[in-house]
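Chain by chain, the residues run as shown.
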Amino acid sequence: MIVTVTLNPVIERTILVDEFKLGATHNTESQTIIARGKGMHVSRIVHALGEETLATGLLAGKNGRFIADQLAQEEINNHFLFIPGHSQENTKIKDEKTSMITEFRGHGPSLEEEDIERFLHHLEEIVHQGDILVLSGTLPENAPHDFYARMIRRVRPLGVFTILDTANSALKEGVIGKPNIIKPNIAELEELVDMTFETEEDIIKGGKVLIQKGIDEVLITLGKEGAIYLSDNDILKITTTDVEVLSTKGAGDAFVGGLAVGLLQGKDTMERLRFASACATASVRLKGLETPTIEMIEAVLDDIEVIELT
Ligand SMILES: Nc1ncnc2c1ncn2[C@@H]1O[C@H](COP(=O)(O)OP(=O)(O)OP(=O)(O)O)[C@@H](O)[C@H]1O
Ligand SMILES: [Mg+2]
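Please read these numbers as outputs of a predicted model, since none were measured by experiment.

A. Molecular detail of the site of ligand 1. Every one of the 21 residues lining ligand 1 counts as a neighbour, but Thr221, Lys224, Ala251, Gly252 and Ala280 are closest to it. Residue assignment for the shell around ligand 1 shows that the elements contributing at least two residues are α8 (251–264) and α9 (269–284).

B. Structural detail: the sheet that holds strand β7 (residues 101–105). Taken in spatial order, the four strands line up as β3-β2-β6-β7 in an open sheet, and their pairing is mixed. Taken across any chain shown, the strands that pair with only one partner, and hence form the sheet edges, are β3 (28–36) and β7. Sheet twist, expressed as the average angle between the axes of neighbouring strands with direction ignored, equals 15 degrees. The pairing of strand β2 (residues 10–17) with strand β6 (residues 88–95) spans eight bridges and is parallel. Across the sheet, Thr14 pairs through a bridge with Lys92, a residue of β6. In this fold helix α2 (residues 61–73) packs onto β2, β3 and β6, with an angle of close to 80 degrees to the strand it touches most, β3.

C. Expanded view of the nonpolar core. Among the nonpolar cores identified, the biggest contains 80 residues, and Leu133, Val134, Ile163, Ala260 and Cys279 are the most heavily contacted of them. Leaving out residues up to four positions away in the same chain, Ile163 has contacts with Ile132, Val134, Leu135, Pro179, Asn180, Ile181, Lys183, Val256, Leu259 and Ala260.

D. Examining the packing of α9 against helix α10 (residues 294–301) more closely. Relative to each other, α9 and α10 sit at 110 degrees, their axes nearing to 8 Å. Classified by the angle their axes make, α9 and α10 are roughly perpendicular. Crossing hand, α9 versus α10: right-handed. Of the residues in α10, those in contact with Arg274, Ala278, Cys279, Thr281 and Ala282 of α9 are Met296, Ile297, Val300 and Leu301. In terms of residue class, the contact of α9 with α10 is made up of seven nonpolar, one polar and one charged.

Each value, and the rule that gives it
Residues numbered from 1 in each chain as written. Chains lettered and ligands numbered in written order. Predicted model: local features only at pLDDT ≥ 70, side-chain atom pairs only at ≥ 80, totals over all residues. Near = placed C-beta within 6 Å. Helix = DSSP H or I, 4+ residues; strand = E, 2+ residues; numbered from the N terminus. Pairing = 2+ DSSP bridges. Axes fitted to C-alpha atoms, helices over the stretch in contact; angles between N-to-C directions. Contact = placed C-beta atoms within 7 Å. Core = buried A, V, L, I, M, F, W, Y, C linked by C-beta atoms within 7 Å. Buried ≥ 20, exposed ≤ 12 C-beta atoms within 10 Å, placed from the backbone. Parallel < 35°, antiparallel > 145°, perpendicular 65-115°, else oblique. Left-handed = near helix turned anticlockwise from the far one by under 90°. Nonpolar A, V, L, I, M, F, W, Y, C, P; charged D, E, K, R; others polar.

This is the structure in structure tokens:
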């Protein structure tokens, strides 16, 4: 099974008004509320691909209950740990005339040391040997930067395979726990290895730093340029294909979701990478955070190549 972790799920409320004016009272044209989070999005992708998934992480208060209910309605199994406080709520006001968006960001719950230990224990209880654990997104504001490393160390002895997709200090300290795979984009890898990339060789050099640190597989996604894969034995380039792009939001999550499904289904490295890129490429053809179907992925799969780099 593919278990995903989202430590910072958010409720996002978008209010549409005819014309937004500071200090005025507005009549709402329409309102949407969605539950968002990177790990949750990976679970949505996995679910759309017909594989079993379980979304976990931290939730709090009535916002937290809304998020869990929303996932349940989408038939996405979830088992979050509830902590005191309230899960974050963001509000966007969209002006219908100009399409301009004004955003208000709330705060997530405050983490206590005992919540950290409770979550590590919760995670140990829900994973099983052979599971793929996807750790995605930012950490809560006051979480220890090595939270992901601690999770990885706790589940590795249970025979769980780990994929880490995060940024900044969560990534820097997360890699110390030696996840099996990391999936930075260019900016995330540049910051991680403290280098600036100008050429493909530079990116490969940056990736090799992580391989030398004991990460089994490093996947660097390059937006419309595809991705570069490094392991002890291989350096591969994965292409994408020219498509009409509606939204690149969550493309990295679609890549990770496809990769995890490929691993679970026992696809070999080349097939798995091709499938992951097809999944991400299919996702950018959709608006917002919509998930691609198998048919949409198959429609681009043949145009994607995996090339050996030396
Ligand atoms: N414009 C595009 N055209 C085709 N494929 C794309 C495009 N942008 C992204 N992709 C696909 O999505 C994958 C991931 O994209 P990207 O490197 O932007 O991830 P990311 O920055 O981690 O995204 P996010 O974290 O927002 O989900 C790429 O490797 C590629 O397969
Ligand atoms: Mg990303």
